[in-house]
Amino acid sequence: MANPFKIGLVMASASSAGAYTAGVLDFLLEALDAWEKAKQCHQAAGDKPEDWTIPGHAVSIEIISGTSAGALCAGLLGITLGRKFTPKNSTCVPPPEENRLYDTWVKKARIENLLESTDLTDGKIYSLLDSEYLTRLATEALQANSPYQRPNYVSPLLELVATNGNLRGVDYSISYTGSKDYVQGLVNHADCKRFYIGINADPEFDHQGLTWLNPDKPTDATWRVELRDAILASAAFPIGLAARKLKKNPNIYHHQYWPIPQSATLDPIQPPGVIRYNLLMEEGRIPPSFPEQHDDYFFAAVDGGITNNEPVEFARRRLAGGRINNPRNLIDADAAVLMIDPFPDLQSPGANYQTNIELFPVITDLIKTLLDQARFKLAELVLAQKSSVASRFMITPTRRPEPGQAAYSQPLASSRMWMFGGFLSESFREHDFQLGRLNCQIFLKNWFLLDADNPIFKHDNHPAPEQFVVIKDDLDLPPDDAHQSKRRMRAIIPLVGELEKILEVPTWPRMKQSDLETILKRMDTRANALVTTALHSLSWMKRLTAFVLWQIMGRAKLNHFLQDIITAELKNGDQLISVSEKQRS
């Protein structure tokens, strides 16, 4: 049996489109479980290799890394793997404890709960939305439903990473030759919390600063507090959701290795239209400014998407081991980073951009600029887009229009309202979840492939049935590739049984006008509670004056503004059933 093909899952920031990511993971687990059960049936029956009806090679999920909503999905996947799991397909609605991905993202990620005021009881404001609900939701979601039994497709030491924006930052001092008396101070705000799931503690991981999550003790504080707070911090969209207080051993920063470029030389083979370099890298330690110490390092943490929207490098390095990089050729690849990104193509202003240098438009553009730049990882995305590169893959939303409909500019129902639209209606999240399942199925069948002569298949325990071979003639291969016209490919994760039947495209969802009005009323109640809390520290005269002005002038204007902008967004996306439409029906 050949070594398993190693997989690193990377989940990008998604806001309410975390439902899409959850749907992708839902089908991925269903496919892996079905394939694993089919192999076990052949083994239990004592079937000869030539009698097997499904491929017998193996895969291993080595690392799960996520940012923002992707980090929350990573945490939910961590508590799900190795326990009783029931997928949400067309024939089954699983109990909440048997599918935390579906229950958390589709059933419970409701805007109504985020508009409560349970976070204002101490007279302080932490965010525009009630983040205490998320604390309760994550605490419930990270409860194990059954004893742990590691599946064969999961690494014995599964790494889990949640990125965050460290508002305190880590100080570094760099001195230069010729100016030893002066140093340049730098601050790194791109941080993360790293964990690993394994039956036994691992000294090497412990030395690197990873926190051990014992799957046999899911009630430990490492699961219920440390992991919970780490994924909630990563999902803490600034201002909208509350920042979280995290702690780390400060010595982790002293033992952190950084990739350091050494030299670059021109490659002797230069493909047409390409300038290719051979870059020599080495890893070295760059200690922070503070000395090694034993006291915990505390910091306020927010959305990991502000500094690292797609934490690919964590997964790439884990898969590469001691290698410089993972083999990329279709016939040599033995590991791959699989990215799930609901919003890979952020809308560009293009020709419609209006140059405005007034103060408030500049502030708005500045915030967008900082977020966009954090998401700009061109080299990583280009590799994922090349079909000849077998070490990077990406699943993104694709939706065919229904008969008589124009093509959708954005296939996700949650794309409206700055990617928060999914919280408005369960039907939006249900659509995106099911679209994620469909997109994952098509991806596994048509794109998550390797050359049929790849070594992971060579020591397979039977000749591959032809139904699992795909002939590809649309690969962007080098001109000198001998297989350029047609190439025999095999699925890394084959679809077995009923999973081969392509799922239906989910119906485009629309919410009722009456449901939107109910949400708008709750928004008004939340806004009033925030203003009342903010005015509490003023003297009674100032508080009374400000409150009266708010009630007479500000409150109504805010309500009209929210109603107009949300209604317009939903109408533009054909996601609102008006009162007149409802009456006609």
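Up top is the structure.
Residues numbered from 1 in each chain as written. Predicted model: local features only at pLDDT ≥ 70, side-chain atom pairs only at ≥ 80, totals over all residues. Heavy atoms only, no water.

(A) Expanded view of the pairing of strand E10 (residues 335-340). Burial analysis of E10 places six of its six residues in the buried class, the great majority of the element. The pairing of strand E1 (residues 5-11) with E10 spans six bridges and is classified as parallel. Looking at the pairing, Ile7 lines up with Ala336 of E10. Judged from the four bridges that link them, E10 and strand E11 (residues 392-395) form a sheet pairing that is parallel. Across the sheet, the residue bridging to Met339 is Met394, located in E11. (Buried < 20%, exposed > 50% of the residue type's maximum accessible area, 1.4 Å probe, protein only. Helix = DSSP H or I, 4+ residues; strand = E, 2+ residues; numbered from the N terminus. Pairing = 2+ DSSP bridges.)

(B) A look at the pattern of salt bridges. Inspection of the entire model under this criterion finds 23 salt bridges. For Arg487, the salt bridge identified is with Asp451, shortest N-O distance 2.6 Å. Here Arg487, found in strand E14 (residues 487-491), pairs with Asp451, found in strand E12 (residues 449-451); they are 36 residues apart in sequence, far enough to count as distant. The exposure class assigned to Asp451 is buried, which follows from its relative accessible area of 2%. (Salt bridge = Lys/Arg side-chain N within 4 Å of Asp/Glu carboxyl O.)

(C) Representation of the nonpolar core in the model. Core analysis: the largest hydrophobic core is formed by 106 residues, its most contacted members being Phe5, Trp105, Leu424, Leu444 and Ile493. Take this core: its biggest share by element is eleven residues, from helix H1 (residues 18-45). Of all hydrophobic cores here, the second largest spans eleven residues; its members include Cys192, Ala315, Leu319 and Met394. (Core = buried A, V, L, I, M, F, W, Y, C linked by side-chain atoms within 4.5 Å.)

(D) The environment of His255, seen in detail. Its location among the elements puts His255 in the loop between helix H8 (251-254) and strand E7 (257-266). Its relative accessible area of 25% is what places His255 among the partly exposed residues. Counting along the chain gives 46 residues from His255 to Gly209, while the straight-line C-alpha distance between them is 8.5 Å.

(E) Focus on the sheet that holds E12. One open sheet holds the three strands; their spatial order is E12-E14-E13, and the pairing between them is antiparallel. Strand pairing shows two members of the sheet lacking a second neighbour, E12 and strand E13 (469-472), which therefore form its edges. Ignoring strand direction, the axes of neighbouring strands in this sheet form an average angle of 45 degrees. (Axes fitted to C-alpha atoms, helices over the stretch in contact; angles between N-to-C directions.)

(F) Layout of the packing of helix H15 (residues 513-534) against helix H16 (residues 540-572). Interaxial distance between H15 and H16 falls to 10 Å at its minimum, and their mutual angle equals 145 degrees. Here H15 runs over H16; the crossing is right-handed. Side by side, H15 and H16 meet where Leu516, Leu520, Met523, Asp524, Ala527, Asn528, Val531 and Thr532 of the first sit next to Phe547, Trp550, Gln551, Arg555, Leu558, Asn559, Leu562, Gln563, Ile566, Thr567 and Leu570 of the second. Each residue belonging to the contact of H15 with H16 can be placed in one class, and the counts come to eleven nonpolar, six polar and two charged. (Left-handed = near helix turned anticlockwise from the far one by under 90°. Contact = heavy atoms within 4.5 Å. Nonpolar A, V, L, I, M, F, W, Y, C, P; charged D, E, K, R; others polar.)

(G) Region of interest: unusual backbone geometry. Although it is not a glycine, Ser15 adopts a positive phi angle of roughly 50 degrees. Relative to the helices and strands, Ser15 resides in the loop between E1 and H1. Not every positive phi belongs to a glycine, and Ile239 is a case in point at roughly 75 degrees. For Ile239, the location among the structural elements is in the loop between helix H7 (221-234) and strand E6 (244-248).

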